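Working through the structure, step by step
Chain by chain, the residues run as shown.
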Amino acid sequence: MLLLLLVLLKGVLSKPIDHPVFLNVKDLSEEWSRFIDDVKVLFRGNVKMAEWYFDKLNSLYPAVQFKWEFSDKSTIFLDIEIHLNRETKQIETKIYVKPTNHQLFLSYRSNHPDHVFKGLVYSEALRAVLICSRKDWAIEYLKGLREKFLAQEYPENLIKEQFLRALEVDRMDLLFRQ
């Protein structure tokens, strides 16, 4: 069984963890990624194996406590909602916005050159294209994003122009850029 396992490291590591128990997790994982103190693992095993592993890991390093959660459907890692699609046997992703993130963008009335506003709208739209594995999810996100930019008095035509420009970019070109 493939579990989607989200591992959150709590605390600060003063040295790399080199204990064999820690290193062996890579044998149980399909994928391992880390960003600062967050680690995402696609874990090959069952819940009991994961419980054993983290109990052992937490007993080895009392100063650092690992918290974990799992799902056989979806989980959140940073600003990405990750879904396991059992029908297609693929991992799908979409943008996750924390409830506390009000997405307050730079006001259009602020004193900045025009290219700053265009770049902001375009980069946010391009982020949707990059993170959302399905185009309908990207478009759904952009609809909400449009409202946030309108609330900051961005012109409708600027938003539309930059969204269309971003939607023309092939996601694969973004993912596998040379």
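Right above here is the structure, for reference.
The paragraphs below set out a description of the structure included in this document. What you see is a predicted model, and the numbers here were worked out from it, not measured in a lab.

Some thoughts on helix α3 (residues 114–131)
- With 18 residues, α3 should cover 26 Å at 1.5 Å per step; its first-to-last C-alpha distance of 26 Å lies within 8% of that length.
- Within the span of α3, buried status applies to F117, L120, V121, Y122, E124, A125, L126, A128, V129 and I131.
- Elements in contact with the buried residues of α3: β6 (80–85), β7 (90–95), α4 (135–151), α5 (156–167) and α6 (171–175).

Observations concerning the packing of aromatic side chains
- For the coordinates displayed, the defined rule picks out five aromatic pairs.
- The interplanar angle of 20° and the centroid separation of 4.6 Å between the aromatic rings of F105 and F149 together place this pair among those described as stacked. Of this pair, F105 sits in the loop between β7 and α3 while F149 is found in helix α4, placing the two residues 44 residues apart along the sequence. In this structure, F105 and F149 share a single accessibility class: buried.
- With centroids separated by 4.7 Å and ring planes inclined at 50°, the aromatic side chains of Y108 and F117 adopt a geometry described as tilted.
- Site record: aromatic cluster; members linked through ring pairs are F105, Y108, F117, F149 and Y154.

Rules used in this analysis
Residues numbered from 1 in each chain as written. Predicted model: local features only at pLDDT ≥ 70, side-chain atom pairs only at ≥ 80, totals over all residues. Heavy atoms only, no water. Helix = DSSP H or I, 4+ residues; strand = E, 2+ residues; numbered from the N terminus. Expected span 1.5 Å × (residues − 1). Buried < 20%, exposed > 50% of the residue type's maximum accessible area, 1.4 Å probe, protein only. Contact = heavy atoms within 4.5 Å. Phe/Tyr/Trp six-rings, centres within 6.5 Å; stacked < 30°, edge-to-face > 60°.

In short, shape yes, function no, at least from these values alone.
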